[in-house]
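Understanding the architecture of this molecule
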Amino acid sequence: MPVHAFIFPGQGSQSVGMGRELAEAFAPAREVFEEVDDALGQRLSALMFDGPMDELTRTENTQPALMAVSLAVLRVLEKEGGLELKRTAALVAGHSLGEYSALAAAGALGVAQTARLLRVRGEAMQKAVPPGVGGMAALIGVDLDQAREICAEAAILRVEGQADVTETIEVANDNGGGQVVISGRIAAVERAIGVAKGRGVKRAVLLPVSAPFHCSLMAPAADAMAEALDRAEVAVPVVPVVANVSAAKVTDPQAIRDLLVRQVTGTVRWRESVEAMAAMGVDSFVELGAGKVLSGLVRRIDGAVATRSVGTPADIEAFLAAL
């Protein structure tokens, strides 16, 4: 029997129309969307189903929306297919906001509470840095050490006749397969693209994001999340969660809170997380929710494991048939 890890996507997997087929086909999916709508006091489901895309991609909408789709898929698997998470999955993990989805899936957080936490997280991240001050870039064809070297060189702002100035630029996501995302002051990010190209890096591109996520510029958002998580009810998850910033299993509620706070400014260690899960015996990664981004990343990290994306009624039917 395969050893499954259930994994949950992060920002970038959203698209207008996500979740609509699930809602049309399954009452349990509709219940999740209604629960999230009620928790936020907003028809987020209508925005997910019909757009517009510019509103859906506002980070305070994207984060709870992606969680809602992931949890709707899981709820259908449980209610319609009889799946029991602790019997089917050995571990859960998620990419950035997807870690909240993983925690909700494992029963550490309630769905409504998770939606509200992600709304706070999205708003706090957006407010942490004024528009235009920060940015992010993807470096393709580098490893983590090379990306750090590029950041170290790009951090130095040299102006003739003045002392050097160090600007914030850090590794945000180590996604594996030669893909590393960097984040920080926009001028430093732009310098890093130049440095990368000068070093012959395969590709270095500015990302269309609204803020410099997962770097120390997000410290005000980390403070906001510390306050919100301190009030949150966190239970012991029914299966361990592999956390982004530690790439290790966690089950203790206070440790979960601490890791989620650190995650706001810390590197998403996705490559190491996947390698750690494989080392623990996982040979099948099942992505629940919108898109197929994580499945692609997992295949590039470890070509020996099986991957599957489950986000549509057809995907659900096929996955349940394979169990």
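Shown above is the structure to which this text applies.
To start, this report covers the structure provided alongside it. (Residues numbered from 1 in each chain as written. Predicted model: local features only at pLDDT ≥ 70, side-chain atom pairs only at ≥ 80, totals over all residues. Heavy atoms only, no water.)

Quick word on the pattern of salt bridges
Using the criterion set out here, one finds 14 salt bridges in the structure. Between Arg199 and Glu149 there is a salt bridge; the shortest N-O distance is 3.3 Å. Note that Arg199 is positioned in the loop between α10 (186-198) and β8 (203-206) and Glu149 in helix α9 (residues 144-154), a separation of 50 residues in sequence. Put simply, Asp164 and Arg158 hold a salt bridge, and the shortest N to O gap is 3.5 Å. Residue Asp164 is classed as partly exposed on the basis of its relative accessible area, which comes to 46%. Using a relative accessible area of 58% as the deciding quantity, one classes Arg158 as exposed. Within this structure, Glu149, Glu153 and Arg199 form a network of salt bridges that share partners. (Salt bridge = Lys/Arg side-chain N within 4 Å of Asp/Glu carboxyl O. Helix = DSSP H or I, 4+ residues; strand = E, 2+ residues; numbered from the N terminus. Buried < 20%, exposed > 50% of the residue type's maximum accessible area, 1.4 Å probe, protein only.)

Focus on the pairing of strand β7 (residues 179-185)
Within a regular strand, the side chains alternate between the two sheet faces. Summarising burial for β7: six of the seven residues are buried, a large majority. Pairing between strand β3 (residues 134-140) and β7: seven bridges, direction antiparallel. In the strand pairing of β7, Leu139 is matched with Val180. Pairing analysis gives six bridges linking strand β6 (residues 169-176) to β7, with the strands arranged antiparallel. Looking across to β7, one finds that Glu170 is bridged to Ser183. (Pairing = 2+ DSSP bridges.)

Digging into the packing of helix α5 (residues 59-81) against helix α15 (residues 313-322)
Packing of α5 against α15 leaves a shortest axis separation of 11 Å and a crossing angle of 50 degrees. Overall, the two elements α5 and α15 adopt an arrangement that is oblique. For the pair α5 and α15, the crossing hand works out as right-handed. Packed against α5, whose contacting residues are Val73, Val76, Leu77 and Gly81, the element α15 presents Ile316, Phe319 and Leu320 at the interface. Residue composition of the contact of α5 with α15, by class: six nonpolar, one polar and no charged. (Axes fitted to C-alpha atoms, helices over the stretch in contact; angles between N-to-C directions. Parallel < 35°, antiparallel > 145°, perpendicular 65-115°, else oblique. Left-handed = near helix turned anticlockwise from the far one by under 90°. Contact = heavy atoms within 4.5 Å. Nonpolar A, V, L, I, M, F, W, Y, C, P; charged D, E, K, R; others polar.)

Points about the side chain of Ser183
Along the chain, Ser183 falls in strand β7. Reaching out from Ser183, the side chain makes a polar contact with the backbone oxygen of Phe213 at a distance of 2.8 Å. Apart from residues lying up to four places away in sequence, Ser183 is in contact with Gly135, Met136, Thr168, Ile169, Glu170, Ala172, Val189, Pro212, Phe213 and Cys215. (Polar contact = N/O pair within 3.5 Å; in protein donor to acceptor, adjacent residues only side chain to side chain.)

A short note on the sheet that holds β6
Strand order in the open sheet formed by four strands is β6-β7-β3-β8, and the pairing between neighbours is antiparallel. The open sheet has two free edges, formed respectively by β6 and β8, since each of these has just one partner strand. The mean angle between the axes of side-by-side strands here comes to 20 degrees, regardless of whether they run parallel or antiparallel. The strands that α9 touches are β3, β6 and β7; relative to β6, the one it contacts most, it runs at about 160 degrees. Across the sheet, α10 touches β3, β6, β7 and β8, and the angle it forms with β7 is around 140 degrees.

Observations concerning the environment of Asp164
Take Asp164: it is sitting in the loop between β4 (156-157) and β5 (165-166). When sequence neighbours within four positions are dropped, the list of residues in contact with Asp164 reads Ile156, Leu157 and Arg158.

Here's the deal with the environment of Ala27
Note on placement: Ala27 falls in helix α2 (residues 27-40). Separated by 45 residues in sequence, Ala27 and Ala72 place their C-alpha atoms 9.7 Å apart.

Here's the deal with the packing of aromatic side chains
According to the stated counting rule, one finds two aromatic pairs in the structure shown. Both rings, one in Phe6 and one in Phe319, keep their centres 6.1 Å apart while their planes meet at 65 degrees; by these two values the pair is edge-to-face. Here the residue Phe6 occupies a position in strand β1 (residues 4-8), and Phe319 occupies one in helix α15, the gap between them amounting to 313 residues. This pair shows no difference in class: Phe6 is buried, exactly as Phe319 is. (Phe/Tyr/Trp six-rings, centres within 6.5 Å; stacked < 30°, edge-to-face > 60°.)

Examining helix α11 (residues 219-231)
Across its 13 residues, α11 extends 19 Å between first and last C-alpha, which sits within 8% of the 18 Å expected from 1.5 Å per residue. Those residues of α11 that sit buried are Ala221, Ala222, Met225, Ala228 and Leu229. With its buried residues spanning 125 degrees around the axis, α11 presents them on a single face. Facing away from the buried side of α11 by over 90 degrees, the exposed positions are Asp223, Glu227, Asp230 and Arg231. (Expected span 1.5 Å × (residues − 1). Arc of directions from axis to C-beta.)

Some words on α15
Within α15, burial applies to Pro313, Ile316 and Phe319. For α15, the buried positions fall inside an angular range of 125 degrees around the axis, keeping them on one side. Facing away from the buried side of α15 by over 90 degrees, the exposed positions are Ala314, Glu317, Ala321 and Ala322. In this fold, the buried residues of α15 make contact with β1, α1 (20-25), α5, β11 (284-288) and β12 (306-310).

Observations regarding the packing of α5 against helix α7 (residues 98-105)
The contact between α5 and α7 brings their axes to 9 Å, and the two run at 30 degrees. It follows from the interaxial angle that α5 and α7 lie roughly parallel. At the point where α5 passes α7, the crossing takes the right-handed sense. Between α5 and α7, the contacting residues are Met67, Ser70, Leu71 and Leu74 on the first element and Ser101, Ala104 and Ala105 on the second.

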